[in-house]
Amino acid sequence: QAIKEGDNVESAIKDLAALYDQQGQPDKAINFLRRYRRKIQDQQSMDNMLIGFYQKAGQYEQAITLLRKKLERTSDRQSKASVLWQIGNCYLRGENYTQALQIFEQVLKLHPDNLAARRNIAICLFKQQRFDEAENILNKILDTSPDAKAAELLEAITQARTTGESAQLDGIIIETTLSEFSGEI
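Starting afresh in each chain, residues are numbered from 1 along the sequence in its written order. In keeping with the predicted nature of the model, local features appear solely for residues at pLDDT of at least 70, side-chain atom pairs appear and are counted solely at 80 or more, and the whole-chain, interface and lining totals rest on all residues. Heavy atoms from the whole structure form the basis of all side-chain values; hydrogens and water molecules are not counted.

## Comments concerning the overall build of the protein chain
So, point 1. Under the scheme used here, helices are H or I runs from DSSP no shorter than 4 residues and strands are E runs no shorter than 2 residues, and both carry numbers assigned from the N terminus. Tallying secondary structure elements over the protein chain gives 11 helices and 0 strands in all.
So, point 2. Reading the protein chain from its N end, one meets helices and strands in the order α-α-α-α-α-α-α-α-α-α-α.
So, point 3. Only protein chains enter the accessibility calculation, which uses a 1.4 Å probe. A residue is then buried if its area is under 20% of the maximum for its type, exposed if over 50%, and partly exposed in between. The proportion of buried residues among the 185 residues of the protein chain is 42%.

Structure representation (structure tokens):
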């Protein structure tokens, strides 16, 4: 009703899109935002909402497109690393391990000590059948510091390599992509 009457239109559009998302309908939220996009002044805010909805809907390429646009507008190192992290996770969840690997390597250039990026690189290498390289990265992490996630990942990779089943590893990938970048710097 607020949208029809032109009363607090921007807020009403965002609220309704968020409600669709909360109801587990990110596709409806996406279509709604696209339909009313021209009525929103803050296009960056709209893009941020769409990025989240695209990711929840499994539309990773669309999320990556908006994230790359966001990356172009980003100037500080921390923000660049955070946006790259999101892009890398989209590639990882979309099973494009080559691209994900390249992006996580860029994150490491900005933050060489980031353990989460190193673990994600190991996942990408494993998924490309580069087992020795993946295990080497994880062993280097464990040689320098106790890291429960790296140990769990190494165990999952060793088990998957032996049995040919990667269900445990796939669960770790989901957990990894849901983690926030800033929490591990």
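Moving on from the model shown.
## Here's the deal with the pattern of salt bridges
Side chains carrying opposite charge are able to pair once their charged atoms draw close together.
So, point 1. The salt bridge definition used is simple: a Lys or Arg side-chain nitrogen within 4 Å of an Asp or Glu carboxyl oxygen. All told, the structure shown has 8 salt bridges when counted by the stated rule.
So, point 2. Several salt bridges share partner residues, and in doing so they unite Arg37, Asp47 and Lys69 into one network.

## Description of the packing of helix 2 (residues 9–22) against helix 4 (residues 43–56)
So, point 1. Between helix 2 and helix 4, the shortest axis-to-axis distance is 11 Å and the interhelical angle comes to 10°. Taken together, helix 2 and helix 4 sit at an angle that is classed as roughly parallel. As helix 2 runs across helix 4, the sense of the crossing is left-handed. Two secondary-structure elements touch here, helix 2 through Lys14, Ala17, Ala18 and Asp21 and helix 4 through Ser45, Met49, Phe53 and Lys56.
So, point 2. Any residue outside Ala, Val, Leu, Ile, Met, Phe, Trp, Tyr, Cys, Pro, Asp, Glu, Lys and Arg is labelled polar, Gly included; the first ten of those are nonpolar and the last four are charged. Taken together, the residues of the contact of helix 2 with helix 4 break down into 4 nonpolar, 1 polar and 3 charged. For helices, the fitted line uses only the C-alpha atoms of the stretch in contact; every axis is such a line through C-alpha atoms, and the angle between N-to-C directions lies from 0 to 180 degrees. Any angle that falls under 35 degrees is termed roughly parallel, while one over 145 is termed roughly antiparallel, one within 65 to 115 roughly perpendicular, and all others oblique. By definition, any crossing whose near helix is turned counterclockwise from its far helix by less than a right angle is left-handed, and any crossing with a clockwise turn is right-handed. What makes two residues a contact is simply this: any of their non-hydrogen atoms within 4.5 Å.

## Structural notes on helix 5 (residues 60–73)
So, point 1. To estimate how far a helix should reach, multiply one less than its number of residues by 1.5 Å. With 14 residues, helix 5 should cover 20 Å at 1.5 Å per step; its first-to-last C-alpha distance of 20 Å lies within 8% of that length.
So, point 2. The elements touched by buried residues of helix 5 are helix 4 and helix 6 (77–93).

## Points about helix 3 (residues 26–36)
So, point 1. Every buried residue belonging to helix 3 is among Pro26, Ala29, Ile30, Phe32, Leu33 and Tyr36, and all of these are buried. The arc enclosing the buried residues of helix 3, seen along the axis, measures out at 165°, which places them on a common side. Note that the arc is computed from the directions linking the helix axis to the C-beta atoms.

## Topic: the packing of aromatic side chains
So, point 1. Paired rings are identified among Phe, Tyr and Trp, the last through its six-membered ring, by centres lying within 6.5 Å, and are further divided according to the angle between planes into stacked (under 30 degrees), edge-to-face (over 60) and tilted (the rest). This structure, assessed with the given rule, holds 4 aromatic pairs.
So, point 2. Both rings, one in Phe32 and one in Tyr36, keep their centres 4.9 Å apart while their planes meet at 55°; by these two values the pair is tilted. Here Phe32 pairs with Tyr36, and both are found in helix 3, just 4 residues apart, close to one helical turn.
So, point 3. With a relative accessible area of 9%, Phe32 lands in the buried category.

## Describing the nonpolar core
Side chains of a nonpolar character, in soluble globular proteins, are inclined to be buried together.
So, point 1. Among the nonpolar cores identified, the biggest contains 54 residues, and Leu33, Ile87 and Leu138 are the most heavily contacted of them.
So, point 2. Once residues lying within four places of it in the same chain are set aside, the contact partners of Leu33 are Ile13, Ala17, Met46, Met49, Leu50 and Phe53. Each nonpolar core is a collection of buried residues, namely Ala, Val, Leu, Ile, Met, Phe, Trp, Tyr and Cys, held together in the definition by side-chain atoms within 4.5 Å.

## Quick notes on the packing of helix 8 (residues 115–127) against helix 10 (residues 148–163)
So, point 1. Taken N-terminus to C-terminus, the directions of helix 8 and helix 10 make an angle of 5°; their axes are 11 Å apart at the nearest point. When the interaxial angle is binned, helix 8 and helix 10 end up roughly parallel. Contact with helix 8, carried on its side by Arg119, Ala122, Ile123 and Phe126, involves Lys149, Ala150, Leu153, Ile157, Ala160 and Arg161 of helix 10 and no other residues of that element.
So, point 2. Looking at the contact of helix 8 with helix 10 residue by residue, the classes come out as 7 nonpolar, no polar and 3 charged.

## A closer look at the side chain of Lys14
So, point 1. Along the polypeptide, Lys14 turns up in helix 2.
So, point 2. For Lys14, a relative accessible area of 18% corresponds to the buried category.
So, point 3. When sequence neighbours within four positions are dropped, the list of residues in contact with Lys14 reads Ile40, Asp42, Ser45 and Met49.

By themselves, these observations are geometric and do not establish any function.
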